[in-house]
Structure formats: structure tokens, C-alpha cells
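Below are the chains, spelled out letter by letter.
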Amino acid sequence: EYGQMSQIKLINHPDYIVLLAPQTCHVLSSAVLNGGMSQTRSLLNLRVDKHQPPPWPEPADTLQAMAMELELAMPVTGMMTAASMKSLSYRREGDDTLWVECWVTCGLSNLLRCGDPTMLSPEEKPRAGTINIFLFVSQPLSPQAMTEALILLTESKVTAVRDAGLISPLSGLPASGTGTDSHAVFCPDTDSESLQYCGKHTLAGELIGRAVTAACADSISLCQQAAASGDS
């Protein structure tokens, strides 16, 4: 059972970040590997070389190969980024009864605003620069609550991007994220009663909003510092 002493284990490597859950979790994500509504034991955020020339291997194949190399517990939920792992930010909000944990890595070279023109042909590769977010909620969530949590996570990211004054270079208007952001919400897969709601009028929603907004703001700042020092 998840409880006061239970923790998600973090492996922080210059080339990847891994989260290891103590038991199987439900997950809802836009991840390249094991995306959608699924189950997970491990979550992988893999850094790739933004200067790698074509042909580019299939992202899911690359992630699966790394998961096997690292001998991660299956199933694995996998994302990719060109962002430095030095941009990792972590926030926890809540108490021993209900808490959320958020991990964010951030790259900003692909800033866009929702509705900007795609400007990509089928042969083109999106510019590197991604805001990847993992969010853990300590209590089981109903499918609708998990979906609401993913919506609130995204709203919180947009809030942090707007608060930072980031601008889409394509439209010159306030950005809402990057063109390749990937997000995941995961929670315990137990027989405990599930939370049915996760919006702004719930404690879970309040905790998600606080944790994700703060973690994104910190990660944006770390990314900007790295860019200013030439270490990105």
C-alpha cells in the first residue's frame, strides 16, 4: 500500500531521468512509449541529441531499447527530450493523507502558442525543446479524475509559461508551451476508493495546481540559466 513512508524512487542521470514506482500504477499520458490510459511501473525521460542527423530511429524503439538496457520494471512509460537534465525541478505538495509530486524538465527552443501555424513538411523534424512533466497523485483516481488532473496539469504549465513572459517566436504572442511537450499523470492501482473529482474546487486540484506551477517555474528558470551560461 502507498502510505506515509512510500516513495517514488528517482534516478537522475545526465542522459535520462527514471521514476520507479513501488507497485503498479495507473497512468494517463501523451508519452511516446506506453501512452494513453495504461499501467506503468517505471517512467523514463530520455535525453536525445538534438544535433543527430537523419535518418532518425522511431522514438518508441529508442525508448524501449533504453528501458531494456536499464532493466527497468515493465511496463515503462517513456518520453524524449533534448533538454538538459540539469533543468529538472521537483515539487511535493500536501500531507501524509493526500499529496502530489511533480517532476519537470524544460527546453525552450521550440516555444509556440496554441494555434500557431505548423510550418512543417512531412520530411521536417520539429525543433528540439520540450517541457516534459511527470505528476504523481498519492490516492487512486477515477478515469474522469485522472483526465481532469491531466487538464489541470496542462493549465498549470501554461500559467507558468505565461508568468515567465515567454513569447512564441513564430507569432510574437505569449507562448503556451513548446511544440513537443509530453505529460503524464500516474496514481496507485489499488482497491482503495478512488477520488472521483480533481478540479480546482478540490484539494487534489489545489495541490496539483500549486506543485505543477511551481515546478514548471523553477524548471523554466533553470533552463534559462543554462542557456545563458551556454550549458544547454
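Residues numbered from 1 in each chain as written. Predicted model: local features only at pLDDT ≥ 70, side-chain atom pairs only at ≥ 80, totals over all residues. Heavy atoms only, no water.

Student: When you look at unusual backbone geometry in this model, what are you seeing that I'm missing?
Tutor: Leaving glycine out, the prevailing phi sign among residues is negative, and the prevailing peptide bond configuration is trans. The omega torsion of the bond from Met74 to Pro75 falls at 0 degrees, within 30 degrees of zero and hence cis. Here Pro75 is to be found in the loop between helix H1 (59-69) and strand S4 (76-81). Look at Asn34: it is not a glycine, yet its phi comes out positive at around 65 degrees. Inspection of the secondary structure puts Asn34 in the loop between strand S2 (16-29) and strand S3 (36-47). Backbone geometry at Glu71 places phi at a positive 55 degrees, although glycine is not the residue there. Along the chain, Glu71 falls in the loop between H1 and S4. (Helix = DSSP H or I, 4+ residues; strand = E, 2+ residues; numbered from the N terminus.)

Student: For this particular structure, what's the right way to read the pairing of strand S6 (residues 99-106)?
Tutor: Look at any regular strand and the pattern is simple: side chains alternate between the two faces of the sheet. Within S6, eight of the eight residues are buried, leaving the element largely enclosed by the surrounding structure. On S6, burial covers both faces: Trp99, Glu101, Trp103 and Thr105 on one face and Val100, Cys102, Val104 and Cys106 on the other are all buried. The pairing of strand S5 (residues 89-94) with S6 spans six bridges and is antiparallel. By the bridge assignment for S6, Tyr90 is matched with Trp103. As paired strands, S6 and strand S8 (residues 131-137) are joined by seven bridges and run antiparallel to one another. By the bridge assignment for S8, Val100 is matched with Val137. (Buried < 20%, exposed > 50% of the residue type's maximum accessible area, 1.4 Å probe, protein only. Pairing = 2+ DSSP bridges.)

Student: Please explain the packing of aromatic side chains as it appears in this structure.
Tutor: Tallied over the full model, the rule gives three aromatic pairs. Ring geometry for Trp103 against Phe186: centres 6.4 Å apart, planes inclined by 25 degrees, an arrangement best described as stacked. With a gap of 83 residues between them, Trp103 in strand S6 and Phe186 in strand S10 (residues 182-188) connect regions that are remote in the sequence. Trp103 sits in the buried class, given a relative accessible area of 4%. Overall, the relative accessible area of 0% leaves Phe186 in the buried class. Ring centres of Phe136 and Phe186 lie 5.1 Å apart, and the angle between their planes is 50 degrees; this geometry places the pair in the tilted category. Note that Phe136 is positioned in strand S8 and Phe186 in strand S10, a separation of 50 residues in sequence. Comparing Phe136 with Phe186 shows no difference in burial state: the two are buried. One aromatic cluster is present, built from ring pairs that chain together Tyr90, Trp103, Phe136 and Phe186. (Phe/Tyr/Trp six-rings, centres within 6.5 Å; stacked < 30°, edge-to-face > 60°.)

Student: Explanation requested: the pairing of S2 in the structure shown.
Tutor: Summarising burial for S2: 10 of the 14 residues are buried, a large majority. As defined by bridge partners, strand S1 (residues 9-13) adjoins S2 across five bridges and the pair is classed as antiparallel. Bridge assignment links Lys9 to a residue of S2, and that residue is Leu20. Looking at chain direction, S2 and S3 are connected through 10 bridges and run antiparallel.

Student: Looking at this model, I keep getting lost on the environment of Ile133. Mind explaining?
Tutor: Tracing the sequence through the fold places Ile133 in strand S8. Between the alpha carbons of Ile133 and His183 there is a distance of 4.7 Å; along the sequence they are 50 residues apart. Discounting chain neighbours no more than four positions away, the residues touching Ile133 are Met79, Cys102, Trp103, Val104, Leu153, Lys157, Ser182, His183, Ala184, Val212 and Cys216. (Contact = heavy atoms within 4.5 Å.)

Student: Whenever I open this one, H1 confuses me. Can you help?
Tutor: Think of an α-helix as 3.6 residues a turn; residues three or four steps apart then line up on the same face. What H1 keeps buried is the set Leu63, Met66 and Ala67. Viewed end-on, H1 has its buried residues packed into an arc of 100 degrees, placing them on one side of the element. More than 90 degrees from the buried face of H1, the exposed residues found are Asp61, Met68 and Glu69. Tucked into the core, H1 has its buried residues touching S3 and S4. One or two steps after H1, the chain reaches Glu71, where phi turns positive at roughly 55 degrees. (Arc of directions from axis to C-beta.)

Student: Is there a simple way to explain helix H2 (residues 143-163) in this structure?
Tutor: With 21 residues, H2 ought to run about 30 Å at 1.5 Å a step, and its terminal C-alpha atoms sit 30 Å apart, in line with that. By the burial criterion, the buried members of H2 are Ala145, Met146, Ala149, Leu152, Leu153, Ser156, Lys157, Ala160 and Val161. Packed against the buried residues of H2 are S2, S3, S8, strand S9 (177-178), S10 and helix H3 (203-228). (Expected span 1.5 Å × (residues − 1).)

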